[in-house]
Amino acid sequence: MKTDQLLETIKQLVAIESTAGNPAGLQEAYNFMIDFLLGRDKQLTIERFERNGKPSLLAYRGATRPEKFHLILNGHLDVVPGKSEQYQARLEDGKLYGRGVYDMKAAVIAMADAFCEYVDKVPFALGLQLVTDEESSGKHGTLYQLEEGVRSDFVICGECGRASDKHEIANAAKGIAIVEVTLKGRSSHGAYPWKGDNAAMRAHDFITALQERYPVPAEETAASTISVISVRTNSDAHTKTPDQAVVKLDARYTPHDPDLSTLERFEAFIHQLDPEATISHVHDFSSPLYTDPTYPQLLALKAAAEAVEGAPFNLVQRNATSDGRHYGDVGNQACEFGIAGENQHADNECITIEALEQFRATLKRFLGQSSQPAKLANQVAATVAAEAPVAA
Ligand SMILES: [Zn+2]
């Protein structure tokens, strides 16, 4: 696929307002990709999934799904809401601007192009997985497909997060725990506070104790963080103190964090802050993504990226997570490697055409090398020997 065609296809996909609040747009983006894939290759098998109004697909060669893929390319078609002009992608000074060009419609088209070109050339089961709910939860796309038995040795999430000046592949991402903590008190008349146990003040004390253990960092940190998202109390009169407060927390945690690595540990930690506090609702609890830095496919991808971009790549940990985490939960290896760009979720979201072409070239080089197993094995051995692994 030539660059002009690639850009035109990306523009068409960007023009579809595929936000969580627009189910017709999600469906349209999904249909667009099915048409694109079958337009390139009528013999492809496209397995179609849907849960909770979120369609997703899995494309591969052959009549039946392999028990375990060797490699899956994973992407999402949903975007966060943008201004109407952002859905008309525009080229300016070698950059492509538009909602979703960075996160991550351009990567989806580049992955689909590489997939179609290599699905018959690689000597292993290759899959392309496209979902429509990554920005909202990932539970009805990637996670649902995993619940339906999809597995892969290695997964490349073409997810953004890489800045233009960075040469990075993320082999780790913090886990996520979004919970509501309920604190009980006892109401009193507001004029007689000594007669009650004000739940708003318990929430204050709880947050103060939390901040002593997990202070707000002054700058980016590889350590776990816990943010307070909301505090609500239940008083129904101006003169009545509340007997219940609910504090919503967004925790991002590193592998093996003693306070957060399981829900039980998190609950025990909450009890240390207030013995009567309870976790009353779990919105999300997902493991960190972590792939061994010496994993051969990860190193082969790194070598391909280095050859294409002519610069050493670092393996890094991301603060936010992606659908790759769901693969970690079933023991499969995954990484995030996307197009370098700027302004994720912001009005001036963009990528450069150069970065787009580098991304596509890296995928093709990686897949091309994979079709020569002996050469690949030698390269990987040499790379492992030359570099110390990144610490967990
Ligand atoms: Zn994304």
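On a predicted model such as this, the values are computed, not experimentally measured, just so you know.

## A few points about the sheet that holds strand S17 (residues 350–352)
- Within the open sheet, the four strands sit side by side as S4-S5-S17-S16. Their pairing is antiparallel. The open sheet is flanked by strand S4 (90–92) and strand S16 (341–342), the only strands paired with a single partner.
- Pairing analysis gives three bridges linking strand S5 (residues 95–97) to S17, with the strands arranged antiparallel. Residue pairing across strands places Tyr97 opposite Cys350, the latter belonging to S17.
- Helix-sheet contacts for helix H3 (residues 101–118) involve S5, S16 and S17, and the interaxial angle to S17 is about 50°.

## Observations concerning the coordination of the zinc ion
- For the zinc ion, every protein donor is listed as His76 (NE2), Asp103 (OD), Glu159 (OE) and Glu159 (OE), and the spread of their distances is 1.9 to 2.8 Å.
- Each of the four donor atoms bound to the zinc ion contributes to angles spanning 52 to 149°, and the resulting shape is irregular.
- Counting along the primary sequence, the residues that act as donors to the zinc ion give the motif H-x26-D-x55-E. Of this pair, His76 sits in strand S3 (residues 69–76) while Glu159 sits in the loop between strand S7 (152–157) and strand S8 (168–173), and the two are 83 residues apart along the sequence.
- Taking relative accessible area as the criterion, Glu159 reaches 8% and is therefore assigned buried.

## Focus: the packing of helix H1 (residues 3–14) against helix H9 (residues 353–370)
- Packing of H1 against H9 leaves a shortest axis separation of 12 Å and a crossing angle of 105°. The orientation of H1 with respect to H9, classified from their angle, is roughly perpendicular. The segment H1 lies against H9, with Thr3, Leu6, Leu7 and Ile10 engaging Ile353, Leu356, Glu357 and Arg360.
- Here the contact of H1 with H9 is composed, by residue class, of five nonpolar, one polar and two charged.

## Some points on the sheet that holds strand S9 (residues 175–184)
- Read from one edge to the other, the open sheet built from four strands follows the order S10-S11-S9-S12, with strand pairing classed as antiparallel. The open sheet has two edge strands with one neighbour each: strand S10 (225–233) and strand S12 (278–286). Taken over all neighbouring pairs, the strand axes of this sheet differ in orientation by 15° on average, direction set aside.
- Two strands pair when backbone bridges link them, and S9 and S12 are joined in this way by seven bridges, in the antiparallel orientation. Counted as the bridge partner of Thr182 is Thr278 from S12.
- Across the sheet, helix H5 (residues 199–213) lies against S9, S10 and strand S11 (244–253), angled at about 20° from S11, the strand it touches most.

## Comments concerning the pairing of S3
- The buried count for S3 comes to seven of eight residues, which makes it a mostly enclosed element.
- Relative to S7, S3 is paired through five bridges, and the arrangement is parallel. Counted as the bridge partner of Leu73 is Ile156 from S7.
- Summarising the sheet, S3 and strand S6 (residues 126–131) pair through six bridges and their orientation is parallel. Residue pairing across strands places Asn74 opposite Gln129, the latter belonging to S6.

## Details of the packing of H1 against helix H2 (residues 23–40)
- Taken N-terminus to C-terminus, the directions of H1 and H2 make an angle of 155°; their axes are 10 Å apart at the nearest point. Between H1 and H2, the crossing angle belongs to the class labelled roughly antiparallel. Where H1 approaches H2, its residues Thr9, Gln12 and Leu13 are matched on the opposing element by Ala29, Phe32, Met33 and Phe36.

The rules behind the values
Residues numbered from 1 in each chain as written. Predicted model: local features only at pLDDT ≥ 70, side-chain atom pairs only at ≥ 80, totals over all residues. Heavy atoms only, no water. Pairing = 2+ DSSP bridges. Helix = DSSP H or I, 4+ residues; strand = E, 2+ residues; numbered from the N terminus. Contact = heavy atoms within 4.5 Å. Axes fitted to C-alpha atoms, helices over the stretch in contact; angles between N-to-C directions. Donors = N, O, S within 2.8 Å, 3.2 Å for Na, K, Ca; no water. Tetrahedral: all angles 85-135°; square planar, octahedral: opposite > 155°, others 65-115°. Buried < 20%, exposed > 50% of the residue type's maximum accessible area, 1.4 Å probe, protein only. Parallel < 35°, antiparallel > 145°, perpendicular 65-115°, else oblique. Nonpolar A, V, L, I, M, F, W, Y, C, P; charged D, E, K, R; others polar.

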